[in-house]
Amino acid sequence: MGNSEAVARSGRQSPVTIAPSKRKAPPERNAARSRRLIAVLAPLILLSITLAVVIGPVEIAPLTVWEIVFGKVTGAEGNWSNAQANIVWLIRFPRVLLAGVVGAGLAVIGVVMQAVTRNPLADPFLLGISSGAALGAVSVLLIGVFAGLGIFALSVGAFLGAMLAFVLVFSLALQQGRLLPTRMILAGVAASFMFSSVTSFITLSDDSSGAARRVLFWMLGGLSGARWEDLTLPALALVLGIIYLMGQSRALNALIIGDETATTLGIDVHKLRRRLLVVTSLLTGLIIAVSGTIGFVGLMMPHIVRLIVGTDHRRVLPVSLLAGALYLIWVDVIARTLFAPEEIPVGIITSFCGAPFFLWLMRRSKGAL
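Residues numbered from 1 in each chain as written. Predicted model: local features only at pLDDT ≥ 70, side-chain atom pairs only at ≥ 80, totals over all residues. Heavy atoms only, no water.

**Here we look at the packing of helix 6 (residues 153-173) against helix 12 (residues 269-291)**
For the record, the criterion: Note on geometry: axes are C-alpha line fits, over the in-contact stretch for helices, and angles between N-to-C directions span 0 to 180 degrees. For the purposes of this entry, the term helix denotes a DSSP run of H or I that reaches at least four residues, the term strand denotes a run of E that reaches at least two, and both are numbered from the N terminus. Angle categories are assigned with fixed cut-offs, so that under 35 degrees is roughly parallel, over 145 is roughly antiparallel, 65 to 115 is roughly perpendicular, and the rest are oblique. Left-handed is the label given to a crossing in which the near helix is rotated counterclockwise from the far helix by less than a right angle, and right-handed is the label when the rotation is clockwise. Contacts are assigned to residue pairs with any non-hydrogen atoms lying within 4.5 Å of each other. Here the nonpolar group is Ala, Val, Leu, Ile, Met, Phe, Trp, Tyr, Cys and Pro; Asp, Glu, Lys and Arg are the charged ones; every other residue, Gly included, is treated as polar.
Put simply, helix 6 and helix 12 touch, their axes get as near as 7 Å, and they point 140° apart. Between helix 6 and helix 12, the crossing angle belongs to the class labelled oblique. Viewed along their axes, helix 6 and helix 12 form a crossing whose handedness is right-handed. Seen from helix 6, the contacting residues are Leu154, Ser155, Ala158, Phe159, Ala162, Met163, Phe166, Val167 and Phe170; seen from helix 12, they are Arg273, Leu277, Val278, Thr280, Ser281, Leu282, Thr284, Gly285, Leu286 and Ala289. Considering only residue class, the contact of helix 6 with helix 12 consists of 13 nonpolar, five polar and one charged.

**Quick notes on the layout of surface pockets**
The cut-off we apply is this: Here a cavity denotes a set of grid points, spaced 1 Å apart and computed over the protein atoms alone, in which a 1.4 Å probe fits but from which it cannot get out, and a pocket denotes an open set meeting protein on both sides within 12 Å along at least five of seven lines; residues with an atom within 4 Å of a point are reported as lining. Grid points are joined across faces, edges and corners, and a volume is the space filled by probe spheres set on the points.
Within this model, the second largest pocket holds a volume of roughly 310 Å³. Contributing to the lining of the second largest pocket are 17 residues, with Pro57, Ile91, Arg95, Arg336 and Glu343 lying nearest its centre. Elements represented by at least two residues in the lining of the second largest pocket include exactly helix 4 (82-117) and helix 14 (313-337). The element that contributes the greatest number of residues to the lining of the second largest pocket is helix 4, accounting for five residues. Of the residues assigned to the lining of the second largest pocket, the class counts are nine nonpolar, four polar and four charged.

**Some words on helix 10 (residues 249-257)**
To be explicit about the condition: Burial classes: relative accessible area under 20% of the type maximum marks a residue as buried, over 50% as exposed, and values in between as partly exposed (1.4 Å probe, protein chains only).
Counted residue by residue, helix 10 has seven buried out of nine residues, so it is predominantly covered. Of the residues making up helix 10, those classed as buried are Ser249, Ala251, Leu252, Asn253, Ala254, Leu255 and Ile256. Count one or two residues on from helix 10 and you reach Gly258, which has phi positive near 150°.

**Topic: the environment of Val54**
The residue Val54 is located in helix 2 (residues 27-54) in this model. Under the relative-accessibility criterion, Val54 is labelled buried at 19%. A sequence separation of 33 residues divides Val54 from Ile87, and the C-alpha atoms of the two residues are 9.9 Å apart. Those residues in contact with Val54 that sit more than four places away from it in its chain are Ile60, Ala61, Pro62, Val65 and Arg92.

**Overview of the nonpolar core**
In plain terms, the rule: We define the nonpolar core as a collection of buried residues of types Ala, Val, Leu, Ile, Met, Phe, Trp, Tyr and Cys that are connected through side-chain atoms lying within 4.5 Å of one another.
The biggest cluster of nonpolar side chains holds 112 residues, and the ones touching the most others in it are Val102, Leu276 and Leu317. The leading source of residues in this core is helix 4, at 20 residues.

**What about the packing of aromatic side chains?**
We count it as follows: When the centres of two rings from Phe, Tyr and Trp lie within 6.5 Å, Trp using its six-membered ring, the rings pair. Their planes under 30 degrees apart give stacked, over 60 give edge-to-face, and anything left gives tilted.
If you walk through the whole model with that rule in mind, you get seven aromatic pairs. Summarising the aromatic geometry, the rings of Phe296 and Phe358 are spaced 6.4 Å apart at their centres and angled 70° between planes, so their arrangement reads as edge-to-face. Within this pair, whereas Phe296 is found in the loop between helix 12 and helix 13 (297-309), its partner Phe358 is found in helix 15 (residues 346-364), the two being separated by 62 residues in sequence. The buried category is assigned to Phe358, whose relative accessible area is 18%. Ring geometry for Phe357 and Trp360: centres 5.4 Å apart, planes at 50°, overall tilted. Linking Phe357 with Trp360, this pair stays in helix 15, spanning three residues, or about one helical turn.

**Some words on the pattern of salt bridges**
Condition: Each salt bridge in this description consists of a side-chain nitrogen of Lys or Arg and a carboxyl oxygen of Asp or Glu lying within 4 Å of one another.
In total, this model carries eight salt bridges according to the counting rule given. In this structure, the salt-bridge partner of Arg314 is Asp312, at a minimum N-O distance of 2.5 Å. One salt-bridge network, in which partners are shared between bridges, spans Arg95, Asp332, Arg336 and Glu343.

**Side note on the confidence of the model for the protein**
Condition: What pLDDT expresses is the predictor's confidence in each residue, scored from 0 to 100.
Scored by pLDDT, the protein comes out at a mean of 85, with 90% of its residues at no less than 70. Low pLDDT, under 50, characterises residues 1-17; the predicted model gives this stretch 33 contacts beyond four residues in sequence or across chains.

**Remarks on unusual backbone geometry**
Cis peptide bonds are those with omega within 30 degrees of zero, and the linkage from Ala340 to Pro341 qualifies with 10°. Take Pro341: it is sitting in the loop between helix 14 and helix 15. A positive phi angle, near 60°, is found at Phe146, a position not held by glycine. With respect to the helices and strands, Phe146 occurs in the loop between helix 5 (129-143) and helix 6. Given a relative accessible area of 34%, Phe146 falls into the partly exposed group.

Written as structure tokens, this is what we have:
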């Protein structure tokens, strides 16, 4: 059996550390489910984008929304008011698209982290990556670190903070060259508290009256004030990242089985983990730079998707991307409409939904933790 075929078959396994379901569907059925899900999720996301832009204190017809978008892209004139055009093009549409990009990115990051660590509880929030990225972002906002980089300063600061956190947690979780899942979680919790305490110290040391409010944004997560320029880097990183990760899907299948299996198939495990570390840290940093720390999306979406389509990353990655985008679009709609005109931080809602899921997952995975 060739290497590629062996790795592909490894995607049909369901290690208890990754997949909470104990019942295995045939690979052909999982593949068919995956195709059906993608066929349903893609138009559902388009419909959700339309409805999310329509929903708000000012009523705008769905057809008018796309007429405005088409007019702004092509320069065509239409029968709409300037107020409607500003609401759709400058306020709601970029915010909805950003919610989709952030949700998709966090879900994909969760998939990769759970494969790299072989731990079902791994995600940027629980492993301290979000706290590290938030520290980097707050350092840019309040101290002026990387100020010379202009509009890229926030993204660079968040990326470096995420990278520092992941390297720290990853190194602490290694014991005699082996990655221990329990140590990974404990190291992530410790790193999260450490970075959060440094962030609090920076905030308290700042004399500006708006410092606490700005830091609170990063701690709770939110998409208010989204602009078109906020979409560029996260969207580009997500597109390039998913292309690269899809190319590594067979290697990820082998990785979740075990380092020994991956090595026998010709995969340099340590080199692969380092590359995945850079990719996930970059995505995490760029996403948190525009959204703050939104937790549990990267924990929930991959597991829900695996329950439906199995553990093969050729299916899990694209379906998780679409599911994460759809999920956060509607979470953001709830955040801005539930107590309108006041907004709830998006991170509060994702944590409210994610905490019970986390407890359920711990119970289902107790034999592997």
